[in-house]
Amino acid sequence: MVGSIVILTGAGVSAESGLGTFRDAGGLWTRYPLEDVATPEGYARDPGLVLEFYSARRENCRTAAPNAAHRALAELEAGWGGELLLVTQNIDDLHERAGSRRLLHMHGELMRCLCAACGHRWPSDAPMQEQDRCPACGAARVRPDVVWFGEYPYHMEEIWASLARADLFVSIGTSGNVYPAAGFVQDAARRGARTLELNLEPSEGVSDFDEARAGPASRLVPEWVAEMLGR
Ligand code: NAD
């Protein structure tokens, strides 16, 4: 059946590309407390630390490559006859580097800057420093264009509209701990969509899904895409 698909991805889809998830022991995210590097208050307290953290993440991201899961999702988009929207919580650019185009970054993009003074946004993969100036207003208030805890995610109207039309909602590599993304499965199910989870292990919200498959994304996603494309 050709229908409308909404896919949500999380850190687990990029784990096998070498970008750590929140939970990876000893990973970047565990060495820097979240409230210091992923909140507006942390940025206000110590912008230098925040910029150092995201500059290191840019460096990791530049040297990482998309894996079989990212590539399979791009193949699905190219081969699917119906509507398809990929919503990612990831701030890395591995989906677009694999070829996905119908893609929304609900938590922003690591390879973009945002001026905390005037709101101007621009692409940049360079290390960020406190003295960097906004190309529009000249203020030295540069931050990464990512959505921190306590901030409102991007593209929510478009995401909710797509969820309301979806015949199938698929959640890949996300722990289901961060709202509003964690509630998408209930939103989609309420509007009549079938729901599927693909995750390394069943997430805390697994009982909300009609079907769940456990395993690494680099195996589960290409298998599922092959089924969808009838291969
Ligand atoms: P999370 O770290 O809370 O959960 C990751 C999930 O992926 C876990 O359930 C884990 O079991 C699963 N997983 C780990 N390895 C996997 C694999 N190889 N295959 C399939 N599943 C695997 O991440 P989340 O749910 O995305 O948390 C949301 C927040 O994490 C977002 O705000 C996001 O911005 C941020 N984050 C992003 C990145 C990135 O951009 N690459 C990395 C770390 C965290």
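The structure presented is a predicted model; accordingly, all values stated were derived computationally and were not measured. Think of each chain on its own: its residues are numbered from 1, step by step along the sequence as written. Only residues with pLDDT of at least 70 are given local features in this predicted model, and only at 80 or more are side-chain atom pairs given and counted; all residues enter the totals for whole chains, interfaces and linings. Computation of side-chain values: all heavy atoms of the structure, hydrogens and water removed.

## Some thoughts on the layout of surface pockets
Put simply, the grid is 1 Å and covers the protein atoms alone, a cavity is a trapped set of points that fit a 1.4 Å probe, a pocket is an open set with protein on both sides within 12 Å along at least five of seven lines, and lining residues have an atom within 4 Å of a point. Grid points are joined across faces, edges and corners, and a volume is the space filled by probe spheres set on the points. In this structure, the largest pocket encloses a volume near 980 Å³. Lining the largest pocket are 47 residues, and of these Gly10, Ala11, Gly12, Thr21 and Phe22 sit closest to its centre. When contributions to the lining of the largest pocket are tallied by element, the ones reaching two or more residues are helix 1 (12-15), helix 5 (47-63) and strand 8 (194-199). By the criteria applied, helices consist of DSSP H or I runs no shorter than four residues and strands consist of E runs no shorter than two, each listed in order from the N terminus. A total of three residues in the lining of the largest pocket trace back to one element, the largest contributor, which is helix 1. Residues are grouped as follows: Ala, Val, Leu, Ile, Met, Phe, Trp, Tyr, Cys and Pro are nonpolar; Asp, Glu, Lys and Arg are charged; all remaining types, including Gly, are polar. Here the lining of the largest pocket is built from residues that sort into 22 nonpolar, 17 polar and eight charged. Those domain boundaries reflect an automatic or database domain assignment. Per-domain counts for the lining of the largest pocket show at least three residues from each of domain 1 (1-18 + 66-107 + 153-231) and domain 2 (20-63 + 110-146). If you add up the space inside the second largest pocket, you get close to 180 Å³. Lining of the second largest pocket is provided by 20 residues; of these, Gly176, Ala182, Val185, Gly205 and Phe209 occupy positions nearest its centre.

## Structural notes on the side chain of Ser17
Its location among the elements puts Ser17 in the loop between helix 1 and helix 2 (28-31). Only protein chains enter the accessibility calculation, which uses a 1.4 Å probe; a residue whose area is less than 20% of its type maximum is buried, one above 50% is exposed, and one in between is partly exposed. A residue is classified by how much of its surface remains accessible, and Ser17, at 14% relative accessible area, is buried. The contact criterion used is simple: two residues touch if any of their non-hydrogen atoms lie within 4.5 Å. Ignoring anything within four residues of it in the chain, the contact list for Ser17 reads Ala64, Ala65, Pro66, Asn67, His70 and Leu94.

## Here's the deal with the pairing of strand 1 (residues 5-9)
Residues in a regular strand point their side chains to alternate faces of the sheet. Extensive coverage of strand 1 is indicated by the burial of five of its five residues. Taking every second residue as pointing to the same face, both faces of strand 1 are buried, with Ile5, Ile7 and Thr9 on one and Val6 and Leu8 on the other. Bridge analysis of strand 1 against strand 2 (residues 84-88) gives five bridges, and the strand direction is parallel. Bridging from a neighbouring strand, Ile7 pairs with Leu86 of strand 2. DSSP-based pairing: two strands are paired if at least 2 bridges between them are found. Judged from the five bridges that link them, strand 1 and strand 7 (residues 168-172) form a sheet pairing that is parallel.

## Quick notes on the nonpolar core
The set of buried Ala, Val, Leu, Ile, Met, Phe, Trp, Tyr and Cys residues whose side-chain atoms join them within 4.5 Å is what this entry labels a nonpolar core. Counting residues in each nonpolar core, the largest one holds 23 residues, and the members touching the most others are Phe53, Tyr54, Trp122 and Trp148. Secondary-structure elements contributing two or more residues to this core are helix 2, helix 5, strand 4 (108-115) and strand 6 (142-146). Of all the elements, helix 5 adds the most residues to this core, at five residues. Not counting residues up to four positions away in its chain, the partners in contact with Trp148 are Val37, Ala38, Thr39, Pro40, Tyr43, Val50, Tyr54 and Arg143.

## Let's talk about the site of the ligand
In the neighbourhood of the ligand, 27 residues make up the surrounding shell, with Ala11, Gln89, Asp92, Thr174 and Ser175 lying closest. Residues adjacent in sequence count toward polar contacts only when both atoms are side-chain atoms; beyond that, a polar contact is any pair of N or O atoms within 3.5 Å, and within protein one must be able to donate a hydrogen and the other to accept it. Within the side chain of Asp92, a nitrogen or oxygen atom sits 2.8 Å from a nitrogen atom of the ligand. In the environment of the ligand, an oxygen atom lies 2.8 Å from a nitrogen or oxygen atom belonging to the side chain of His107. Under the convention used here, a 1.4 Å probe and the Shrake-Rupley method define accessible areas, while residue burial counts only the protein chains that appear. Notes on the ligand: free accessible area 850 Å², of which the protein chains cover 93%. In this structure the site holding the ligand corresponds to the largest pocket. For the shell around the ligand, the element with the highest residue contribution is helix 1, accounting for three residues. Here the shell around the ligand is composed, by residue class, of nine nonpolar, 13 polar and five charged. Counting only domains with at least three residues in the shell around the ligand, you end up with domain 1 (1-18 + 66-107 + 153-231) and domain 2 (20-63 + 110-146). Put simply, a residue is near a molecule or strand once any heavy atom of it comes within 4 Å of that molecule or strand. A cavity or pocket is said to hold a molecule if more than half of that molecule's atoms lie within 2 Å of its grid points.

## Overview of helix 8 (residues 156-165)
Of all the positions in helix 8, only Met156, Ile159, Ser162 and Leu163 are classed as buried. Looking down the long axis of helix 8, one finds its buried residues gathered within 130° of arc, a one-sided arrangement. Residues of helix 8 that are buried in the fold lie against strand 1, strand 2, strand 3 (103-105), strand 7 and helix 9 (184-190). When we speak of the arc, we mean the arc of directions from the helix axis to the C-beta atoms.

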